[in-house]
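Per-entry structural report
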Amino acid sequence: MTSETKQTDAVTAEKRNETGTDDEPNALRRLIEDARVVLWDFDGPVCRLFAGHSAERVANDLASWLESRGLHGLLTDTERESLDPHFLLRAVDRRHPGSDLVAELEERLTQEELRATASAMPTPYADPLIRTWTAVGSRLAVTTNNSPRVVREYLASRGLGACFAPHIYGRTQELSLLKPDPHCVNRALNAMGAAPATALLIGDAPTDLLAAQAAGVPFLGYARNERKGKLLRDAGATVVVDSLEPVLRSVRH
Ligand SMILES: [Mg+2]
C-alpha cells in the first residue's frame, strides 16, 4: 500500500467519524472540546420543572381561565387539547399580540412556574456538570422559554446562581420570540461576545434545535426517554445523550 493510499484511508475514516451515527462518543467529545460558551435550555437539561406539578394541569387551568372570561373561542380544540402552556400562550398571542390579555396570561404562567420550582426535580448530573464546566473556564448561560424569574429562583435554591449570573435569557412579553425563534440565543451570544461556532446549546426539544440552527450554534440533545430522543433525532439532531453523565465525564478529561 502506498503512503498516499494510507492517507486517503485515514481521511475516509475521519470523515466517517464526523458523519457516522455510530460514532457518537467522538462527536460528543468534539462538541464539548469546542465549546467556550454553553447555553442551557432550562426545563429538561437543568431540571424537570413540572415534575411534581403537571404542565398539562397548568395548560388546562390557563384554558379554563380564558373560558371563565368568555374567551372560549380564542382557542381551537387542538390548541386547548395540546396540554402545552407555551403552545397555548403563543396561540393567544397570535390573535391578540401584545394585549393586556396576553400579559395577564403570561403572568399567570409565571406564577405557576414559580410554584413549580419548589417541586422541580434536578436533572441527574446537571448540578455537578454545571459546576465542573464553570471550574474549567467555560462560560454558561440559560436560554429558555420559561420566565427568567423562575430560572433565577431555581438556580439560587441549588446554589448555582453564580455559575450563570448575569446570563439568564428567558421569556419576555414578546411571545412571538420564544424558541424556535433564536432570539434568546442571540441575546446570550451578544451579551457574552461569543461567536456562534464557539458556543454549544443543550436542549431537549426540537424547538431548541431549531433555535440553535437559526443562530448557527452547535447542538447537543438531551433526552430523558426514548420518545424525546426520537423527536430530537427526527428533527435532525445528530448527537443526543440520554444522560448528562457522559457529558460530565468528557468535561472532566
Ligand atoms: Mg426544555
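You'll find the structure just up there.
Throughout this document, residue positions are counted from 1 along each chain, in the order its sequence is written. Where local features are concerned, this predicted model is filtered to residues with pLDDT of at least 70; where side-chain atom pairs are given and counted, the filter is 80 or more; whole-chain, interface and lining totals use all residues. Only hydrogens and water are removed before side-chain values are computed, so all heavy atoms of the structure are retained for them.

Turning our attention to unusual backbone geometry. The step from Ala165 to Pro166 runs through a cis peptide bond, and the omega angle for that step is 0 degrees. The step from Lys179 to Pro180 runs through a cis peptide bond, and the omega angle for that step is 25 degrees. For helices the rule is a DSSP run of H or I covering at least 4 residues; for strands it is a run of E covering at least 2, with both sets numbered from the N terminus onward. Residue placement: Pro180 occurs in the loop between strand S5 (168-169) and helix H10 (183-192). For Leu83, which is not glycine, the phi dihedral falls at a positive 60 degrees. Structurally, Leu83 is set in the loop between helix H4 (77-80) and helix H5 (85-95). The backbone of Tyr125 sits at a positive phi, close to 75 degrees, despite the residue not being glycine.

Water is absent from the atoms considered, so a metal site may look incomplete; donors are defined as N, O and S atoms within 2.8 Å of the metal, or 3.2 Å for Na, K and Ca. Looking at the metal site, the magnesium ion is ligated by Asp41 (OD), Asp43 (O) and Asp204 (OD), spaced 2.1 to 2.2 Å from it. When a residue's accessible area, from a 1.4 Å probe over protein chains only, is under 20% of the maximum for its type it is buried; when over 50% it is exposed; and in between it is partly exposed. With a relative accessible area of 24%, Asp43 lands in the partly exposed category.

Let's shift gears to the packing of helix H3 (residues 55-68) against H5. Axes here mean lines fitted to C-alpha atoms, for a helix over just the part in contact, with angles spanning 0 to 180 degrees between N-to-C directions. The N-to-C vectors of H3 and H5 enclose an angle of 30 degrees; their axes lie 8 Å apart at closest approach. On the basis of their axis angle, the class for H3 and H5 is roughly parallel. Where H3 abuts H5, its residues Ala55, Val58, Ala59, Leu62, Ala63 and Leu66 lie against Pro85, Leu88 and Val92. Each angle is binned into one of four classes, with values under 35 degrees roughly parallel, values over 145 roughly antiparallel, values of 65 to 115 roughly perpendicular, and all other values oblique. We call two residues in contact when some of their heavy atoms are within 4.5 Å.

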